[in-house]
Amino acid sequence: MSEEIREHRLKRLQMRSMRRGIKEMDLILSAYAKANLNAMDDAALDNYDALLNENDQDLIRWVTGVEPTPAPFEALVSRISQTFQGE
């Protein structure tokens, strides 16, 4: 992936992280994205992109541990939860 295409993708993912339907998810995901997107490889970015397609009501329940996270997102949601709880 060219550097320009990657940079565009990172900006798009950062924007999608900030503009959610629930303010709590805006805060959680934008903080996580800001801290982690640049270090992610393409596979991790693909997984994060897929996560952003999920409903905010589901995401908040997964991140807070109210409901179990689906297998494809378990590790990612765990990192998001740990990052946010560490603040």
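As the structure is a prediction and not an experimental result, all values here were calculated from the model. (Residues numbered from 1 in each chain as written. Predicted model: local features only at pLDDT ≥ 70, side-chain atom pairs only at ≥ 80, totals over all residues. Heavy atoms only, no water.)

1. Digging into the overall build of the protein
Helix and strand counts for the protein stand at five helices and zero strands. Ordering the α and β elements of the protein from the N terminus gives α-α-α-α-α. Since a compact globule built from 87 residues should have a radius of gyration of about 12 Å, the 12 Å found for the protein is in line with a globular shape. Dimensions of the protein along its principal axes, counting C-alpha atoms only, are 40 × 25 × 25 Å. Here the analysis covers contacts within the protein between residues at least 6 apart in sequence; of these, 59% occur between residues at least 24 apart. For the protein, the computed accessible surface area is about 5,400 Å², with 51% contributed by carbon and sulfur atoms. (Helix = DSSP H or I, 4+ residues; strand = E, 2+ residues; numbered from the N terminus. Rg over C-alpha atoms; globule rule 2.2 N^0.38 Å. Contact = heavy atoms within 4.5 Å. Areas by Shrake-Rupley, 256 points an atom, 1.4 Å probe, with all protein chains shown as cover.)

2. Quick word on the nonpolar core
In terms of nonpolar packing, the biggest core is built from 22 residues, with Met25, Leu37, Tyr48, Leu51 and Ile80 touching the most fellow members. Going through the elements one at a time, helix H1 (3-18), helix H2 (23-36), helix H3 (42-52), helix H4 (56-63) and helix H5 (74-85) are the ones with two or more residues in this core. Looking at this core, the element that brings in the most residues is H2, giving five residues. Here Met25 is in contact with Ser17, Arg20, Ser30, Asp56, Leu59, Ile60 and Val63, once residues within four sequence places are set aside. (Core = buried A, V, L, I, M, F, W, Y, C linked by side-chain atoms within 4.5 Å. Buried < 20%, exposed > 50% of the residue type's maximum accessible area, 1.4 Å probe, protein only.)

3. Structural notes on the pattern of salt bridges
Scanning the entire structure with this criterion turns up seven salt bridges. Across the pair Arg20 and Asp56 runs a salt bridge whose closest N-O atoms are separated by 2.7 Å. Placement of Arg20 in the loop between H1 and H2 and of Asp56 in helix H4 is noted, with a sequence separation of 36 residues between them. For the pair Arg20 and Asp56, a shared accessibility class is recorded, and that class is buried. Taken together, the salt bridges that share partners define one network made up of Arg12, Arg16 and Asp49. (Salt bridge = Lys/Arg side-chain N within 4 Å of Asp/Glu carboxyl O.)

4. Side note on H4
Listed as buried for H4 are Asp56, Leu59, Ile60, Trp62 and Val63. An end-on view of H4 places all buried positions within 165° of arc, on one side of the element. Two to three positions downstream of the cap, the backbone nitrogen of Gln57 sits 2.6 Å from a side-chain oxygen, assigning the N-cap of H4 to Asn55. Trailing H4 by a residue or two, Gly65 shows a phi angle of about 80°, which is positive. (Arc of directions from axis to C-beta. Polar contact = N/O pair within 3.5 Å; in protein donor to acceptor, adjacent residues only side chain to side chain.)

5. Notes on the confidence of the model for the protein
For the protein, mean pLDDT is 92; residues scoring 70 or higher make up 94% of the total. For the protein, per-element mean pLDDT is lowest for H5, which scores 89, and highest for H3, which scores 97. (pLDDT = per-residue confidence, 0-100.)

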